[in-house]
Structures are given as structure tokens and as C-alpha cells.
Amino acid sequence: VKEAPITNPKDTYEYRISDLFKDFSKDRIKFYRALPHEEFAWFSSLTDIMFALVEHNTFNAAKSEIKVVEGCRYGNIPIYSDFGGYSDFNHILKTEGKFTSEEIALISCRTECDSNEWVEKISYWIDRMNSEEYLLFVNKLRDFVSDYYEIDNRIHERVSKYKGLIESQMESEHVRIAKMHA
């Protein structure tokens, strides 16, 4: 498969995001072009709300939650598509982070391109910018991802998981060899 350049400006990510939020007041939101990965952390440190809007397709189904996690580490309110790795993040928040469904609903969008849902969530947080609710939620997210994604806090469970996988593989190999010699 050969990659073809985008010739229609309406097919670009920049156009589609701008179009999705075209009814949003220009003094309430500022859009930036997509950045290279190495600039993302720097950029996250400058923003208050981070978006992770993905189209529902096979490629994006395999994405990890790293963009949302990085935004949370820098104190952003993430607003993201409930799809792929971002759906996994919802599950982790609910099962591990003690976040309620109501809290998750304030940041996770079920729809791919329904601007109403996205605008509602963005407006909710813009209207509460620097309020106690905003600051408590940002800190709760930052503390959670800082703990949950810190490898030293999870090393024992990961080592145990890998040991189990190795033992299972070795057992399967022993069974295979035994069958060959039987």
C-alpha cells in the first residue's frame, strides 16, 4: 500500500477539527497544528485542556492511552474519544483509580464526530477553569496516573505476569517434547 498525499484540504486533520468546533467562540478556544511526538510533552505543559479525538478505525483501535496519560501528568483535563486505548483508560480509571462513571463521563466522548458532545465537555471545563472542582479533578487525575503508570509501583505484578507466561511456555514445550518421544 502506497501512501498518497492529501490533495483535498477538507480531508486534513486540521480542517476536520476546526470544522467540528466551528461554532465555538474564537475567544474560548485556540487550535494548534499537530506536533511531532518529541514536542508533545512541552506543548502539554502549556495547555489546560487536552484533546484526543480519534476516528473509529482499525489503526486507532490499536492506539495506547499514552497521549491522555501524558496530558494528565502535566495537569491537563483530558477530553478524549472513548475508543481504542482511550477506552482502556476509562476502564483503568474506573477499576483502579476510583473514578466514578459520572467523573469519567466529564472527559470521555462516546461519539466520533458529534460536536455537541465535545463542545459540552469542553465548555464544562472552560466554565470551571481554576475553580476548586477543576483543580481537585486535575490533581486527582495527575496523582492517579503518576502512581498507576510509575513502573516501580507495578514492577512486581509485571515480573509475576512474565514469569507466569514463561512457565506456561516452558510447560507447553515440555508437553510437546514428551509427545515427540512417546
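Before going into details, it helps to say that this report is about the structure given with it. All residue numbers here refer to positions counted from 1 along the written sequence of the relevant chain. Per-residue local features of the predicted model are confined to residues with pLDDT of at least 70, and side-chain atom pairs are confined, for both listing and counting, to 80 or more; whole-chain, interface and lining totals are unaffected and use all residues. Water and hydrogen atoms play no part in the side-chain values, which are based on all heavy atoms of the structure.

**Description of the environment of Val69**
Then step 1. Starting at the N terminus, helices and strands are each numbered in turn, a helix being any DSSP run of H or I of at least four residues and a strand any DSSP run of E of at least two. Its place among the elements puts Val69 in helix α4 (residues 66–73).
Then step 2. Burial classification: accessible surface area is computed with a 1.4 Å probe over protein chains only, and a residue below 20% of its type maximum counts as buried, one above 50% as exposed, and the rest as partly exposed. Assessed through its relative accessible area of 5%, Val69 is described here as buried.
Then step 3. The spatial distance from the C-alpha of Val69 to the C-alpha of Phe89 is 8.4 Å, given a sequence separation of 20 residues.
Then step 4. By definition in these notes, contact holds between two residues if any of their heavy atoms fall within 4.5 Å. Once residues lying within four places of it in the same chain are set aside, the contact partners of Val69 are Phe89, Val145 and Tyr149.

**Digging into the side chain of Asn76**
Then step 1. By secondary structure assignment, the location of Asn76 is in the loop between α4 and β2 (77–81).
Then step 2. Between N or O atoms, a polar contact is any pair within 3.5 Å; within protein, one atom must be a potential hydrogen donor and the other a potential acceptor, and residues adjacent in sequence are included only when both atoms are from side chains. At 2.7 Å, the side chain of Asn76 forms a polar contact with the backbone oxygen of Thr47.

**What to know about the pattern of salt bridges**
Then step 1. Think of a salt bridge as a Lys or Arg side-chain nitrogen and an Asp or Glu carboxyl oxygen that are within 4 Å of each other. Evaluation of the coordinates by the stated rule reveals 5 salt bridges.
Then step 2. Of the charged contacts, one joins Lys22 and Asp19 as a salt bridge, the two residues approaching to 3.4 Å between their closest N and O atoms.
Then step 3. For Asp19, a relative accessible area of 31% translates into the label partly exposed.
Then step 4. Close ionic contact of Arg176 with Glu173 constitutes a salt bridge, the shortest N to O distance being 2.5 Å. Here Glu173 and Arg176 lie together in helix α9 (residues 151–181), a separation of 3 residues that amounts to about one turn.

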